[in-house]
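Here is what each chain is made of, one letter per residue.
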Amino acid sequence: MCAAPPDGEKTQRPRRSLHGRRKGRPIRAARQRLLDTLLPQLELNLEAAAGDPTGQFVPTPAALWLEIGFGGGEHLAWQAGQNPNVGIIGAEFFINGVGNLLKLVEDANLKNVRIHKGDARDLLDRLPEQTIDRAFILFPDPWPKAKHNKRRIVQKQTLDRLAELLKTGAELRIATDDPSYRRWILAAATNHPWFDWNVEKPADWRRRSDDWPPTRYEEKALAAGRQPVYLRFTRRAKMREST
Ligand SMILES: C[S@@+](CC[C@H](N)C(=O)[O-])C[C@H]1O[C@@H](n2cnc3c(N)ncnc32)[C@H](O)[C@@H]1O
C-alpha cells in the first residue's frame, strides 16, 4: 500500500542529489529582469503551500494542477491560459526554463501560475495530501543507461507520493519518447495499487488529445523520428487488491 504517514509525521526520505542541467546558455537580459522582478511574485511559498496551496493564488482557484519538470513552460502556460479557474504549480530546476515560463506568463498576463524553482521532489514532500486535481510529467529525462535508471523521476517512490497528493479520480499524465522509459513507466504505474491506466484503444496513448498541447521536447523528438506515447492514469478511490 502507498502508506500515508500518520498526521504530522513526514516520510523520511534519503538525501538525494540533483542530476541534470541547472543552467544552460547565458540568460538574456529580458529573462534576467523577469527572474529578478516577476519570479519573486510568483514563487511558491513552500511553507505556506504545505498548509493550503490554493491560498497561494488570488483568486482562490477551483482546482489545483501540478507540472513536474516543465522545461520551457510552453505546456504549462497553454494550460493556464485555457483554464483560468485552475491554479497551476510548476516545478523546474533549470533556470533558463523558469525564465522562459516567466516570459510566457508576462506576455499572456497569466494570473494562475505559481513556480517552484528547484527540485520537484521537495515540493512533493511538502504539499498536503488529496489536494491536486491533475498532474503532468511530460518527457521526463529518460536516463536510458541501466546504471542511471534510478535517477528517473518516475519511480515507485514518486508514484507513492503522487497517490497521496492526488484527489480520488484525479488524472496523472505522463509522456515519453523513450521506449525503455515507456516500459518502465507502464510497469511502475500499472503495478501500482492506486493507479489505473486509462486506455481502451491504441489511439488513447498514441495521440495527444486537444487539451494536451505539444512541448518543446516533444517537437524535438518528433523531428528526430521518435514517436512519443501519451499516458493517462487515474488515481483510484480504493487501493487495488493484489492478485
Ligand atoms: C527532457 S526535459 C522535458 C521538459 C518539458 N517537460 C518538455 O516536454 O519540453 C525534462 C525537464 O525536467 C526537469 N527536471 C528533471 N528532474 C527534475 C526535478 N527533480 N525537479 C524539477 N525539474 C526536474 C529538467 O530540468 C528538464 O527541464
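Residues numbered from 1 in each chain as written. Predicted model: local features only at pLDDT ≥ 70, side-chain atom pairs only at ≥ 80, totals over all residues. Heavy atoms only, no water.

As annotated in an unreviewed UniProt entry, the chain carries the name tRNA (guanine-N(7)-)-methyltransferase and is attributed to Limibacillus halophilus. One UniProt comment on the chain, placed under Catalytic activity (unreviewed entry), says "guanosine(46) in tRNA + S-adenosyl-L-methionine = N(7)-methylguanosine(46) in tRNA + S-adenosyl-L-homocysteine". Heading Pathway (unreviewed entry) of the UniProt record for the chain holds this comment: "tRNA modification; N(7)-methylguanine-tRNA biosynthesis." (UniProt positions renumbered as here; feature names shortened; annotations may be inferred.)

*Asks:* Before we go on, may I ask you to explain the site of the ligand in this structure?
*Replies:* Looking at the ligand, there are 16 residues lining it, with Gly-69, Glu-92, Ala-120, Leu-138 and Thr-215 nearest. Between the ligand and Thr-215 there is a distance of 2.6 Å, counted from an oxygen atom to a side-chain nitrogen or oxygen. Considering the ligand on its own, with 590 Å² of exposed area, one finds that the protein chains cover 89% of that surface. In terms of residue class, the shell around the ligand is built from eight nonpolar, four polar and four charged. (Near = heavy atom within 4 Å. Polar contact = N/O pair within 3.5 Å; in protein donor to acceptor, adjacent residues only side chain to side chain. Areas by Shrake-Rupley, 256 points an atom, 1.4 Å probe, with all protein chains shown as cover. Nonpolar A, V, L, I, M, F, W, Y, C, P; charged D, E, K, R; others polar.)

*Asks:* Looking at this structure, I do not really get the pairing of strand S2 (residues 86-92). What am I missing?
*Replies:* Note on strand geometry: in a regular strand, side chains alternate between the two faces of the sheet. In terms of residue burial, S2 counts as a mostly covered element, since seven of its seven residues are buried. On S2, burial covers both faces: Val-86, Ile-88, Gly-90 and Glu-92 on one face and Gly-87, Ile-89 and Ala-91 on the other are all buried. Where strand S1 (residues 63-68) lies against S2, six bridges are found, and the strand directions are parallel. Bridging across to S2, Leu-64 finds its partner in Gly-87. Relative to strand S3 (residues 113-117), S2 runs parallel, the two being bridged by five bridges. (Buried < 20%, exposed > 50% of the residue type's maximum accessible area, 1.4 Å probe, protein only. Helix = DSSP H or I, 4+ residues; strand = E, 2+ residues; numbered from the N terminus. Pairing = 2+ DSSP bridges.)

*Asks:* Looking at this structure, how should I read the side chain of Glu-92?
*Replies:* Note on placement: Glu-92 falls in strand S2. Separated by 3.3 Å, the side chain of Glu-92 and the backbone nitrogen of Phe-70 make a polar contact. When near neighbours in sequence (up to four residues on either side) are disregarded, Glu-92 contacts Gly-69, Phe-70, Gly-71, Val-98, His-116, Lys-117 and Gly-118. (Contact = heavy atoms within 4.5 Å.)

*Asks:* Teacher, can you tell me more about the packing of helix H4 (residues 74-82) against helix H5 (residues 95-108) here?
*Replies:* For any two helices packed against each other, one specifies the inter-axial angle together with the distance between the axes. Relative to each other, H4 and H5 sit at 25°, their axes nearing to 9 Å. One way to sum up the angle between H4 and H5 is to call them roughly parallel. The handedness of the crossing between H4 and H5 is right-handed. Of H5, the residues touching H4 (which contributes Glu-74, Leu-76 and Ala-77) are Asn-100, Leu-101 and Leu-104. (Axes fitted to C-alpha atoms, helices over the stretch in contact; angles between N-to-C directions. Parallel < 35°, antiparallel > 145°, perpendicular 65-115°, else oblique. Left-handed = near helix turned anticlockwise from the far one by under 90°.)

*Asks:* Is there a simple way to think about the environment of Gln-155 in this case?
*Replies:* With respect to the element layout, Gln-155 can be found in the loop between strand S4 (132-138) and helix H7 (156-165). In sequence terms Gln-155 and Trp-184 are 29 residues apart; their C-alpha atoms lie 8.6 Å from each other. Ignoring sequence-local partners within four residues, the contact set of Gln-155 consists of Asn-149, Lys-150 and Trp-184.

*Asks:* Any chance you could explain unusual backbone geometry here in plain terms?
*Replies:* Negative phi is the rule for most residues except glycine; trans is the rule for most peptide bonds. Residue Pro-59 is reached from Val-58 by a cis peptide bond, and omega for that bond is -5°. Its location among the elements puts Pro-59 in the loop between helix H3 (46-51) and S1. Positioned with a positive phi, Asn-109 is a non-glycine residue whose angle comes to about 55°. Mapped onto the elements of the fold, Asn-109 is located in the loop between H5 and S3. Its identity is not glycine, yet Trp-143 carries a phi of approximately 40°, on the positive side.

*Asks:* Quick question: what am I supposed to make of the pattern of salt bridges here?
*Replies:* Where side chains of opposite charge bring their charged atoms close, a pairing between them can arise. For the coordinates displayed, the defined rule picks out 20 salt bridges. The salt bridge involving Asp-211 is made with Arg-134; its shortest N-O contact spans 3.9 Å. Pair noted here: Asp-211 is in the loop between helix H9 (203-206) and helix H10 (216-223) and Arg-134 is in strand S4, with a separation of 77 residues, a long-range link. Judged by its relative accessible area of 31%, Asp-211 falls in the partly exposed class. Notably, a salt bridge pairs Asp-211 with Arg-173, separated by 2.9 Å at the nearest N-O pair. (Salt bridge = Lys/Arg side-chain N within 4 Å of Asp/Glu carboxyl O.)

*Asks:* Which parts of the structure should I look at to understand the sheet that holds S1?
*Replies:* In sheet architecture, strand pairing relies on hydrogen bonds along the backbone and comes in two forms, parallel and antiparallel. Spatially, the seven strands line up as an open sheet ordered S3-S2-S1-S4-S5-S7-S6, and their pairing is mixed. Bordering the open sheet on either side are S3 and strand S6 (195-197), each of which pairs with just one other strand. Here the average twist between neighbouring strands, direction ignored, is 20°. Sitting on the sheet, H4 is in contact with S1, S2, S3, S4 and strand S5 (166-176), with an inclination near 170° to S2.

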